[in-house]
Amino acid sequence: MKYAVNIIAIFVVVIIVIFAVNLRNNTDKLPFQYEIKKFFNEFSQMIKTRTANIGMEVSPSRRKKTTFIDKEAQLRQFIPDVFGKFSESDWRNFWSFIYDPVYDKKSKYGRKRYRSKEEIEGFLRDRFPMFNYLDSGHWNYFWNVVDVKFE
């Protein structure tokens, strides 16, 4: 009995392979050809997006440091009006905002990406008016302290 099941399974696989080869050679005879191609294109895009998201989580290009104590001290000295008042949860949110990936709203399947330099600077300017007075030299110092590399 177990040999019969294996033979039937092999027979079914052979029929599927023959059917696939025939359809590949005669694509004009394929019913719903456009819908099937569209489905497989959408499916492959979803798989590529999911794979990229998993890759980003497994090997992130922005790695959080083990500790940010020295960086937090430098930022407190740099802008004491803003960073001097930060609590532990404020720091945690600040570092997460800079280092954690976000879902891209433009992507159909939820592709993850890192925030750009302009997004982070815009957020800081909106949230903390003191950042509006920084010139490019101050921003360069800020990014050196925060130690984030942008692609």
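The structure we're discussing is the one just above.
Note that this is a predicted model, so its numbers are computed, not measured.

Colleague: Go over the pattern of salt bridges with me, naming the residues and quoting the values.
Modeller: Tallied over the entire structure, the rule returns seven salt bridges. Salt-bridge contacts for glutamate 42 lead to lysine 108; the nearest nitrogen and oxygen are separated by 3.0 Å. Of this pair, glutamate 42 sits in helix α2 (residues 33-58) while lysine 108 sits in the loop between β1 (102-103) and β2 (112-113), placing them 66 residues apart in sequence. As a salt-bridge pair, aspartate 104 and arginine 113 come within 3.6 Å of each other at their nearest N and O atoms. Within this structure, Asp104, Arg113 and Glu119 form a network of salt bridges that share partners.

Colleague: Please set out the packing of aromatic side chains residue by residue, giving values where relevant.
Modeller: For the structure on display, the rule yields 24 aromatic pairs. Ring geometry for tryptophan 91 against tryptophan 95: centres 6.1 Å apart, planes inclined by 20°, an arrangement best described as stacked. Of the two residues, tryptophan 91 and tryptophan 95 are both situated in helix α5 (residues 88-99); the distance of four residues between them amounts to about one turn of the helix. With centroids separated by 6.4 Å and ring planes inclined at 25°, the aromatic side chains of tryptophan 139 and tryptophan 143 adopt a geometry described as stacked. Note that tryptophan 139 and tryptophan 143 are positioned in helix α7 (residues 136-146) at a spacing of four residues, about one turn of the helix. In terms of burial, tryptophan 139 and tryptophan 143 fall into one category: buried. Here a set of aromatic residues connected by ring pairs shows up, and it is made of Phe68, Phe83, Phe86, Trp91, Phe94, Trp95, Tyr99, Phe128, Phe131, Trp139, Phe142 and Trp143.

Here is what the cut-offs are and how they apply
Residues numbered from 1 in each chain as written. Predicted model: local features only at pLDDT ≥ 70, side-chain atom pairs only at ≥ 80, totals over all residues. Heavy atoms only, no water. Salt bridge = Lys/Arg side-chain N within 4 Å of Asp/Glu carboxyl O. Helix = DSSP H or I, 4+ residues; strand = E, 2+ residues; numbered from the N terminus. Phe/Tyr/Trp six-rings, centres within 6.5 Å; stacked < 30°, edge-to-face > 60°. Buried < 20%, exposed > 50% of the residue type's maximum accessible area, 1.4 Å probe, protein only.

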